[in-house]
Amino acid sequence: MIRTLFGRPHAADNPLEVSNVLVASEGRRFSQEVIDLAVRLVRGQGGRAQVLTVARLWGTSFGLPNPGLRPSRREMAEQEENIIWAIAQLESAGVEADGHIVTTRNPCRSILSEARRKKCDAIVMGADPRRNWLVRSMMWSQEPYRVRGRTEVPVHLVCAAGQH
């Protein structure tokens, strides 16, 4: 199959066919809008939600892992709270959910490999407004658009209220 810029799927054609959804974050807090969309997608099938968040690995030192570049305890605690909150919200809405944290330099790759591994039918992520193509490739906050551009799985991006 040849993929073009205009031929990529961006949302599920039939949202009722979604039985396994990945609720992912490149490190930002999950919003209630993201959780609500995941619940709407999964509820009809009695499906399941996988929750994944990324703790940023800041780099390497001379090509070798450096403990000072790993996420701090505070950053890991924030991501744990994020996961716990998202799972609690999903379960209170009647959706079976579990999740975990991944430490990586490349959130897009980690999110897509998790979606493949768990055989997810859709991915739901929070997103900032899309930026200029020149700046976009250098910004961590534009990771949801990279995820959407590199997969055949429908990716639902939710911008915060008041943002475009």
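Everything below is about the structure shown above.
Since the structure is predicted, the reported quantities are computational estimates derived from the model, not experimental observations.

Participant: Looking at this structure, how should I read the overall build of the chain?
Facilitator: Within the chain one finds 5 helices and 5 strands. Secondary structure elements of the chain occur, N-terminal to C-terminal, as β-α-β-α-β-α-β-α-α-β. For the chain, the residues scored as buried account for 41% of the 164 residues in total. A fraction of 74% describes how many contacts in the chain between residues 6 or more apart in sequence connect residues 24 or more apart.

Participant: Can you walk me through the sheet that holds strand E1 (residues 20–25) in this structure?
Facilitator: Spatially, 5 strands are ordered E3-E2-E1-E4-E5 in an open sheet, and the strand pairing comes out parallel. Both outer strands of the open sheet, strand E3 (96–104) and strand E5 (155–159), are each paired with one neighbouring strand and no more. Each neighbouring strand pair of the sheet contributes to a mean axis angle of 20 degrees, computed without reference to strand direction.

Participant: Could you clarify how one ought to interpret the nonpolar core in this entry?
Facilitator: Soluble globular proteins tend to bury their nonpolar side chains together. With 22 residues, the main nonpolar core has Val21, Val23, Val51, Leu90 and Val124 as its most contacted residues. Of all the secondary-structure elements, those providing two or more residues to this core are E1, helix H1 (32–43), strand E2 (48–56), helix H2 (73–92) and strand E4 (122–127). Considering every element that reaches this core, the biggest residue donor is H1, with 7 residues. Excluding residues within four positions of it along the chain, valine 51 makes contact with Val23, Phe30, Ile83, Ala86, Ile87, Leu90, Asp98, Gly99 and His100.

Participant: Quick question: what am I supposed to make of H1 here?
Facilitator: Each turn of an α-helix holds 3.6 residues, which means side chains three or four residues apart point in the same direction. The end-to-end C-alpha distance of H1 is 16 Å, a good match for the 16 Å that 12 residues give at a rise of 1.5 Å each. Every buried residue of H1 is listed here: Val34, Ile35, Leu37, Ala38, Val39, Leu41 and Val42. The elements touched by buried residues of H1 are E1, E2, H2, E4 and E5.

Participant: Before we go on, may I ask you to explain the side chain of glutamate 114 in this structure?
Facilitator: Checked against the element boundaries, glutamate 114 lands in helix H3 (residues 107–117). Exposure remark for glutamate 114: the relative accessible area of 6% places this residue in the buried category. A polar atom in the side chain of glutamate 114 sits 2.9 Å from the side chain of arginine 117. When residues no more than four places from it in sequence are discounted, the contact partners of glutamate 114 are Leu22, Leu52 and His100.

Participant: I would appreciate a short explanation of the pairing of E1 in the present structure.
Facilitator: On any regular strand, side chains alternate: one points to one face of the sheet, the next to the other face. The buried fraction of E1 amounts to 6 of the 6 residues, a majority that puts the element mostly inside the structure. Alternating positions in E1 separate into two faces, Asn20, Leu22 and Ala24 on one and Val21, Val23 and Ser25 on the other, with burial throughout. As paired strands, E1 and E2 are joined by 6 bridges and run parallel to one another. Residue valine 21 lies in a different strand from E2, and its bridge partner there is alanine 49.

Participant: Would you mind showing me how to read the environment of serine 113 here?
Facilitator: As for its placement among the helices and strands, serine 113 is situated in helix H3. Exposure remark for serine 113: the relative accessible area of 35% places this residue in the partly exposed category. At a separation of 3.1 Å, a polar atom in the side chain of serine 113 contacts the main-chain carbonyl oxygen of serine 110.

Participant: Which parts of the structure should I look at to understand the pattern of salt bridges?
Facilitator: Two side chains with opposite charge may pair up if their charged atoms get near one another. All told, the structure shown has 7 salt bridges when counted by the stated rule. The residue glutamate 96 makes a salt bridge to arginine 48 at a minimum N-O spacing of 2.5 Å. With glutamate 96 in strand E3 and arginine 48 in strand E2, this residue pair connects regions lying 48 residues apart in the sequence. When its relative accessible area of 24% is taken as the criterion, arginine 48 is described as partly exposed. Of the charged contacts, one joins arginine 117 and glutamate 114 as a salt bridge, the two residues approaching to 2.9 Å between their closest N and O atoms.

Participant: It is not clear to me how unusual backbone geometry should be interpreted in this structure. Could you clarify?
Facilitator: The general pattern is negative phi for most residues beyond glycine and trans for most peptide bonds. Not every positive phi belongs to a glycine, and lysine 119 is a case in point at roughly 55 degrees. In this fold, lysine 119 is placed in the loop between H3 and E4. Residue classification places lysine 119 among the exposed positions, given a relative accessible area of 66%.

What counts and how
Residues numbered from 1 in each chain as written. Predicted model: local features only at pLDDT ≥ 70, side-chain atom pairs only at ≥ 80, totals over all residues. Heavy atoms only, no water. Helix = DSSP H or I, 4+ residues; strand = E, 2+ residues; numbered from the N terminus. Buried < 20%, exposed > 50% of the residue type's maximum accessible area, 1.4 Å probe, protein only. Contact = heavy atoms within 4.5 Å. Pairing = 2+ DSSP bridges. Axes fitted to C-alpha atoms, helices over the stretch in contact; angles between N-to-C directions. Core = buried A, V, L, I, M, F, W, Y, C linked by side-chain atoms within 4.5 Å. Expected span 1.5 Å × (residues − 1). Polar contact = N/O pair within 3.5 Å; in protein donor to acceptor, adjacent residues only side chain to side chain. Salt bridge = Lys/Arg side-chain N within 4 Å of Asp/Glu carboxyl O.

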